[in-house]
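Listed below, chain by chain, are the residues.
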Amino acid sequence: MSLRLGIDVGGTFTDFVLLDRVTGRLDYHKQPSTPHDPAAAIEAGAAALLAQAGVPPSAVELVVHGTTISLNAILQRRGAPIALVVSPGNRDILEIARVRMADPYGFFALPEAPLAPRDRVLEIGARLDRDGTPVQTPSADDYARTASQLAALGVESVALVLLNAYANPGFEQQVAHELGARLDIPVVASTEIWCEIREYERAMVAVMNAYVTPIMRGYYERLQRNLASLSIVAPVSITTSNGGSVDLGTAYERPIDSTLSGPASGVVAAIETARRAGIDAIVTFDMGGTSADIAVATGDAPEITTRSALGEIPLILPVVNVSAIGAGGGSILRVDRAGFLKVGPTSAGAVPGPACFGQGGADATITDCYLLCGLLDPARFAGGRMALSRDLAARALYEVGSKLGFTGTDIAERAADAALRVASSMMATEMRKMLARRGSGPAEFTLVPYGGAGPTHAALLAEEAGFDRILVAPRPGIFCALGAAVANLRRDFVRSCRLSFDAAGQGSDETQLGSILDALLAEADRWTASVGNRAQGWRVEIATDMRYPDQAFDLTIAAKDFVRGERLARRLASSFHREHARLYDFNEPGSEVEVSRIVLSVIGALPQAPVRAEPGMPSAALPSREIFLNGAWHAAQVMARDALRMTLHGPAIVEQADTTIVVPRGWTASVIEDGSLMLRVAK
């Protein structure tokens, strides 16, 4: 039992990897997704992969699964009917939010409808003052009346958010326990999900968790049944938005943790690929069927943020800082009323899919552009398991070209080339803006593409954005599934606080800092004990939000090598002064510093598989073909990825079962020691 099964459910394909942690052998499979029942694609794809690898189900020791079901439920408003219970006078918390207009310049703009409508927001006689002292405690009658009202509403889940509960989480959790004991549906306290100041943001995390809990619990139960039907009895872990994974029991109680787990898993795999190639600074580029996402990573860890959003809904949980920048392979092309070509955001999805899939889709997509420009081989797509129709792609793109006013015999090809350039321009603009906000530029980073369309579009994007190096992993098309298979266990715990230290990190609040850390460590210890012995060892990381007195913003200061019992305040103060000087070119080393939030992360390392080089094969070229880029046809050499042993000069195409790599004119591609492909601008 040395095999890990990694699964990632995407909008178009569900990806599977089977990784042998002893030998490093990697088998993979891509299965068309089934949006109506994602578990069905998992059952079919897992069975196909086991048969392909020739291994029995009993050889699987761990299943690690990433999914966007909860994210889609929130964005598409397809969650369960829920209720929200609040302190007296707080019924309008979701409507008031942060008192910001949806569109300050739109006279008819409306705010997003809350996940819990106001008629399903109830008050209960429970209130805390600013320091967490109970001001009002519910009576038995209060509990009975509120439980009766909730039962009458017919909701499937309940979130509880009390004012100032972050200062006394035990009080709120006891109220939730008492309500839950009187109901047959889950009741979750906001401080059980994320114990932080900022009442509205804390409320939204609790509400979103309640909103997806019934859906995700049902999905996890179907998943276990489907795996059991294949005789896979290995424990199941669920990838999380912070780049780690948790056991199924934790995911069952906290489904909100997995909302952005798919993109996070890909970043984890990209960092590991870059580390093996000796590269420290990367920009990841994940282009799948629906969208394109980027992230920045330096060193051995992804950049984590607690200020993200799902649509217009704020999310304050720690997540890998992934930004959506553009279209995916299934994004639909259209010409607006002004005659401008637009790419996305609507996607053809898995069904009906791009026009070239021949499944009834009539709209032109980015994948149709790749095919008509010669970047894809219609007979070798997805390893030859799916034949593409060039005629259907040409027909769809001809309509787009005609609307753009193109004439001649190559209307469809010119429309396809224009769409690829528009998509590249859109993505490059967003990428440059993101790097500029960090005070960085593309020349400082290596681009690491993955996803089915990432390596196909990477060089086009790199030319537009200004990157001169691209690192393509051996199996980039199944990267998110691979990232799931290698993801460590991880949970984050938080406390809001108001601590102050002198310039050297000393002061009366040192004792309170130690008490907070002890409480967080106790929570972490209870969780690690519940997980069992899955990890080889555990480490603890600390991140604090710090500022100078009267500043209106915080800097996050990390202590990654935290040792229990360490007097942390002095190290944090010193690190804060240095980071402030690095970012803003000045600091105040004689000033006090304040700490407003402490996040403790506990990380359990899983045994990592060794690197196994691809088996050697003699170089052999496939038939060359013409490709249409930048308004002209070019003769391109075509190579199979497994056969590539020499430096390849563009224009060229490198094909493999899970993706296609485009090497434009002026670029070279060569295999490096770990089997990855390095693309560089030719000197």
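Everything numeric in this text was worked out from a predicted model, so none of it was measured. (Residues numbered from 1 in each chain as written. Predicted model: local features only at pLDDT ≥ 70, side-chain atom pairs only at ≥ 80, totals over all residues. Heavy atoms only, no water.)

Q: I'd like a rundown of the overall build of the protein chain, residues and numbers included.
A: Scanning the protein chain for helices and strands turns up 16 helices and 35 strands. Over its C-alpha trace the protein chain gives a radius of gyration of 26 Å, about what one expects of a compact globule, namely 26 Å for 683 residues. Over its C-alpha atoms, taken along the principal directions, the protein chain stretches across nearly 80 × 60 × 55 Å. Looking at the 683 residues of the protein chain, the share that counts as buried comes to 55%. Partitioning the intrachain contacts of the protein chain with sequence separation of at least 6 by distance along the chain shows that 68% fall at a separation of at least 24. (Helix = DSSP H or I, 4+ residues; strand = E, 2+ residues; numbered from the N terminus. Rg over C-alpha atoms; globule rule 2.2 N^0.38 Å. Buried < 20%, exposed > 50% of the residue type's maximum accessible area, 1.4 Å probe, protein only. Contact = heavy atoms within 4.5 Å.)

Q: I'd like a rundown of the sheet that holds strand 10 (residues 187-189), residues and numbers included.
A: The strand order across the open sheet formed by 4 strands is 6-5-9-10, and the pairing between neighbours is parallel. The open sheet is flanked by strand 6 (121-123) and strand 10, the only strands paired with a single partner. In this sheet, adjacent strand axes meet at a mean angle of 25 degrees when their direction is disregarded. Pairing of strand 5 (residues 82-86) with strand 6, which is carried by 3 bridges, proceeds in the parallel orientation. Pairing of leucine 84 across the sheet is with valine 121, part of strand 6. Here helix 4 (residues 140-153) sits on the sheet and contacts strand 5, strand 6 and strand 9 (157-161); the angle it forms with strand 6, its principal contact strand, is near 170 degrees. (Pairing = 2+ DSSP bridges. Axes fitted to C-alpha atoms, helices over the stretch in contact; angles between N-to-C directions.)

Q: So what about helix 7 (residues 199-229)? Which residues, and what values?
A: Taking 1.5 Å per residue, 31 residues should reach 45 Å; helix 7 reaches 44 Å between its end C-alpha atoms and fits that length. In the structure, helix 7 departs most strongly from a straight axis at threonine 213, where the bend amounts to approximately 45 degrees and where the proline proline 214 lies between one and four residues downstream. (Expected span 1.5 Å × (residues − 1). Bend = angle between axes of the 7 residues up to and from the residue.)

Q: Got a sec to walk through the state of the cysteines? Specific residues and values, please.
A: Each disulfide consists of one covalent bond between the sulfur atoms belonging to two cysteines. Per the stated rule, a full pass over the model turns up 0 disulfides. Here cysteine 195 is not disulfide-linked; the sulfur of cysteine 497 is the nearest cysteine sulfur, at 11 Å. Owing to a relative accessible area of 3%, cysteine 195 belongs among the buried residues under this scheme. (Disulfide = S-S within 2.5 Å.)

Q: Now, about unusual backbone geometry: what can you tell me, with residues and values included?
A: Geometrically, the link from glycine 650 to proline 651 is a cis peptide bond, its omega value of 5 degrees lying close to zero. Residue position: proline 651 is located in the loop between strand 31 (648-649) and strand 32 (652-656). Phi at aspartate 550 takes a positive value of approximately 75 degrees, unusual for a residue other than glycine. Residue position: aspartate 550 is located in the loop between strand 26 (537-547) and strand 27 (555-559). On the accessibility criterion, aspartate 550 (80% relative accessible area) is exposed.

Q: Account for a nonpolar patch on the surface, naming residues and giving values.
A: On the surface, a cluster of nonpolar side chains totalling about 370 Å² of accessible area is made up of Phe553, Leu583, Tyr584 and Phe586. With respect to the element layout, leucine 583 can be found in helix 16 (residues 568-584). The exposure class of leucine 583 is partly exposed, given its relative accessible area of 41%. (Patch = residues over 30% accessible without salt bridge, like charges linked within 9 Å, V, L, I, M, F, W, Y side chains within 5 Å. Areas by Shrake-Rupley, 256 points an atom, 1.4 Å probe, with all protein chains shown as cover. Salt bridge = Lys/Arg side-chain N within 4 Å of Asp/Glu carboxyl O.)

None of the figures reported here should be taken as evidence of function without further support.
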